[in-house]
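# Structural features, examined
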Amino acid sequence: QADRRGFAVAAYGDTMNDIGPTALTPLLREAETEAELTTGWVRIALALALAASLLISGRIATVTGYDDLARRIGLAGLALGALLALGVASLAVVHTRRYASWMAFVFTAGDATTILLLVWVTLRDTHLDGNWIAAVPAVWAAPLILALGALRYRPGVQLWATGLFVVGLGLIAAAFETSVFLQPSSATMLAASSGVDLLSLPANLIRTFILALTGVITALVMLRAGRLLYRGVKEASERASLARFLPAEIAPLMVGRDLAAWRRGRRQEMTVLFVDLRDSTALAEHMDPALLSVFVSAFRRRVMRAAQAHGGMIDKFIGDGALLIFGVPEPQPDDAQRAVRCAREILRLVARWNAKRRFDPPVRIGIGLHTGEAFCGVVGASDRL
């Protein structure tokens, strides 16, 4: 018991630190792997959903005679095939447990490259200058990819993806001879260059669909963040449960500046109560160890009940004995009175225990009390206080 208490005191002193980044690292690493798995499925779902949209758009183009639009849709299909391949590859590395942190940068670069190629091909085929880049439906996939990146909880990867999109879109705009002072093309030029197709029903359907997916992914991010927070708090609570080995009045004092003050210690008035079982050695010699454990635990519960009822602090249990103190952390004028009432309560609870269980011979206890000045503080090395 003493060894466990020594360990618990040292462990509790570091509890708040354990809840920090070091303890969360495995949790975040697991979250990153799960995020890559989710991202892989979303890539596949996005590719398939956009492919369905392109098929609908192609059908519309065929019926209305927009053969050139149908050809450009075919080129976009190649890019969607690349997105589908990325999704399958990410699922494969996760399921085979070959996923590594650096792969997030590679997959993100693949996503950005696919989107940027779609934008470049669209501007090239419509003969528009770079100022029309915002009208390209594929640009709307960039926020979706960034929303997916939030699942990883890795700011570095998110900044990497953001940089790829910003630099890539800037280079594409510059390649098509645009400038910040250049006005958009006139309606006549837009119609002549077939750029009006970008404002058609199929293109708007794609924009709307990507916008809806962005909302869904954002909700997924919130859901995962909530679950991660719940798991983190749950694990922190489990670590904090080590405090059950310490008195409730003392555990909060074992951190921060309070610990330094208690290391120095101080003199103060207090009342000490000691209680133990009589003839416990003979009892242990004839009792099964498992039954003895139950018996001692039952005795300790009665001591704890009396201590809680009268404001005593159980400093330690020593085998079949207990040391209670009154007046810590702060002395009170009725410490001695409460200690006497606590002693009487223990006697009463033990007497009722004897009557209930009909022990033969009956359980007998000894109680000693003393009031006076004592040195109160924390002693020991940092790993055993």
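A brief look at the structure comes next. Here, residues in each chain are numbered from 1, in the same order as that chain's written sequence. Whole-chain, interface and lining totals are the exception, using all residues; otherwise, since this is a predicted model, local features are given only for residues with pLDDT of at least 70 and side-chain atom pairs are given and counted only at 80 or more. The basis for the side-chain values is all heavy atoms of the structure; hydrogens and waters are excluded.

### What to know about a positive patch on the surface
- A grouping of Arg301, Arg305, Arg352, Lys356 and Arg357 is seen on the molecular surface, where their side chains present a positively charged patch.
- Put simply, DSSP marks the helices as runs of H or I at least four residues long and the strands as runs of E at least two long, and each gets a number from the N terminus on. Breaking the positive patch down by element, the ones donating at least two residues are α12 (289-309) and α13 (335-357).
- In terms of residue count, the dominant contributor to the positive patch is α13 (three residues).
- When you line up the elements, Arg352 lands in helix α13.
- Its relative accessible area of 48% is what places Arg352 among the partly exposed residues. Exposure above 30% relative accessible area and the lack of any salt bridge qualify a residue for a patch; like charges then connect within 9 Å, and the nonpolar side chains Val, Leu, Ile, Met, Phe, Trp and Tyr within 5 Å. With residues, only the protein chains shown are counted as cover, and all accessible areas are computed by Shrake-Rupley using a 1.4 Å probe. By salt bridge we mean one thing: a side-chain nitrogen of Lys or Arg within 4 Å of a carboxyl oxygen of Asp or Glu. The positive count covers Lys and Arg only, the negative count covers Asp and Glu only, and His and the chain ends enter neither. Think of each charge as sitting on NZ of Lys, CZ of Arg, CG of Asp or CD of Glu. Remark: exposure states derive from per-residue accessible area (1.4 Å probe, protein chains only) relative to the maximum for the residue type, with buried under 20%, exposed over 50%, and partly exposed in between.

### Quick notes on the packing of aromatic side chains
- Between 30 and 60 degrees the pair is tilted, below 30 it is stacked and above 60 it is edge-to-face, where a pair is any two Phe, Tyr or Trp rings, Trp via its six-membered ring, whose centres lie within 6.5 Å. Under the counting rule described, the total for this entry stands at four aromatic pairs.
- Seen in terms of ring centroids, Phe295 and Phe359 are 5.7 Å apart; in terms of plane orientation they differ by 90°. Their pairing is edge-to-face. Within this pair, whereas Phe295 is found in helix α12, its partner Phe359 is found in the loop between α13 and β4 (365-376), the two being separated by 64 residues in sequence.
- Residue class for Phe359 comes out partly exposed when judged on its relative accessible area of 26%.
- Aromatic side chains Trp353 and Phe359 sit 5.1 Å apart centroid to centroid with 80° between the ring planes, which places their arrangement in the edge-to-face category.
- Among the aromatic residues, ring-to-ring pairing joins Phe295, Trp353 and Phe359 into one connected group.

### Some thoughts on the side chain of Thr39
- Within the fold, Thr39 resides in helix α3 (residues 21-64).
- For Thr39, the side chain forms a polar contact with the main-chain oxygen of Ala35, separated by 2.7 Å.
- Sequence-distant contacts of Thr39, defined by excluding residues within four places in its chain, comprise Leu148, Leu151 and Arg152. Here a polar contact is recorded for every N or O atom pair within 3.5 Å, except that within protein the pair must consist of a potential hydrogen donor and a potential acceptor, and residues adjacent in sequence are included only if both atoms are side-chain atoms. Contacts are assigned to residue pairs that have any heavy atoms within 4.5 Å of one another.

### Re helix α6 (residues 141-149)
- α6 sits mainly inside the fold: seven of its nine residues count as buried.
- Turning to α6, its buried residues are Ala141, Ala142, Leu144, Ile145, Ala147, Leu148 and Gly149.

### Concerning the nonpolar core
- Counting 24 residues, the largest nonpolar core has Leu273, Val275, Val303, Leu324, Ile346 and Ile365 as its most contacted members.
- Mapped by element, the contributors of at least two residues to this core are β1 (266-277), α12, β2 (313-318), β3 (321-326) and α13.
- Other than its neighbours up to four places away in sequence, Val303 contacts Val275, Ile314, Phe317, Ala322, Leu324 and Ile346.
- Remark: nonpolar core denotes a set of buried residues (Ala, Val, Leu, Ile, Met, Phe, Trp, Tyr, Cys) joined through side-chain atoms within 4.5 Å. Membership of the second largest hydrophobic core comes to 20 residues, among which are Leu50, Ala112, Ala142 and Ala147.

### A look at the sheet that holds β2
- Two strands qualify as a pair provided DSSP detects at least 2 bridges between them. Pairing is antiparallel in the open sheet, where four strands are placed in the order β2-β3-β1-β4. Every other strand in the sheet has two partners, leaving β2 and β4 as the edge strands with one partner each. Along the sheet, successive strands turn relative to each other by an average axial angle of 20°, direction set aside.
- In this structure, β2 lies alongside β3, joined through five bridges in antiparallel fashion. Its bridge partner lying in β3, Lys316 is registered against Leu323.
- In this analysis an axis means a line fitted to C-alpha atoms, helices contributing only their contacting stretch, and an angle means the value between N-to-C directions, from 0 to 180 degrees. The sheet strands contacting α12 are β1, β2, β3 and β4, and the helix crosses β2 at an angle near 165°.
- Along the sheet, α13 makes contact with β1, β3 and β4, crossing β4 at roughly 160°.

### Section: the side chain of Asn354
- On the secondary structure map, Asn354 appears in helix α13.
- Excluding its chain neighbours within four sequence positions, the residues that come into contact with Asn354 are Phe359, Pro362 and Val363.

### Focus: the packing of helix α5 (residues 103-126) against helix α7 (residues 155-175)
- It is the contact of α5 with α7, at a shortest axis distance of 10 Å, that shows an interaxial angle of 20°. As the angle between them shows, α5 and α7 are arranged roughly parallel. Two packed elements cross with a definite hand, and for α5 against α7 that hand is right-handed. Residues Ala104, Phe105, Thr108, Ala109, Ala112, Ile115, Leu116, Val119, Trp120 and Leu123 of α5 lie in contact with α7, whose contacting residues are Gly156, Val157, Trp160, Ala161, Leu164, Phe165, Gly168, Leu169 and Ile172.
- Note on residue classes: Ala, Val, Leu, Ile, Met, Phe, Trp, Tyr, Cys and Pro are nonpolar, Asp, Glu, Lys and Arg are charged, and everything else, Gly too, is polar. Across the contact of α5 with α7, the residue classes tally to 16 nonpolar, three polar and no charged. Reported orientations rely on four angle classes, namely roughly parallel under 35 degrees, roughly antiparallel over 145, roughly perpendicular from 65 to 115, and oblique for the rest. Each helix crossing is assigned a hand: it is left-handed if the near helix lies turned anticlockwise from the far helix by less than a right angle, otherwise right-handed if that turn is clockwise.

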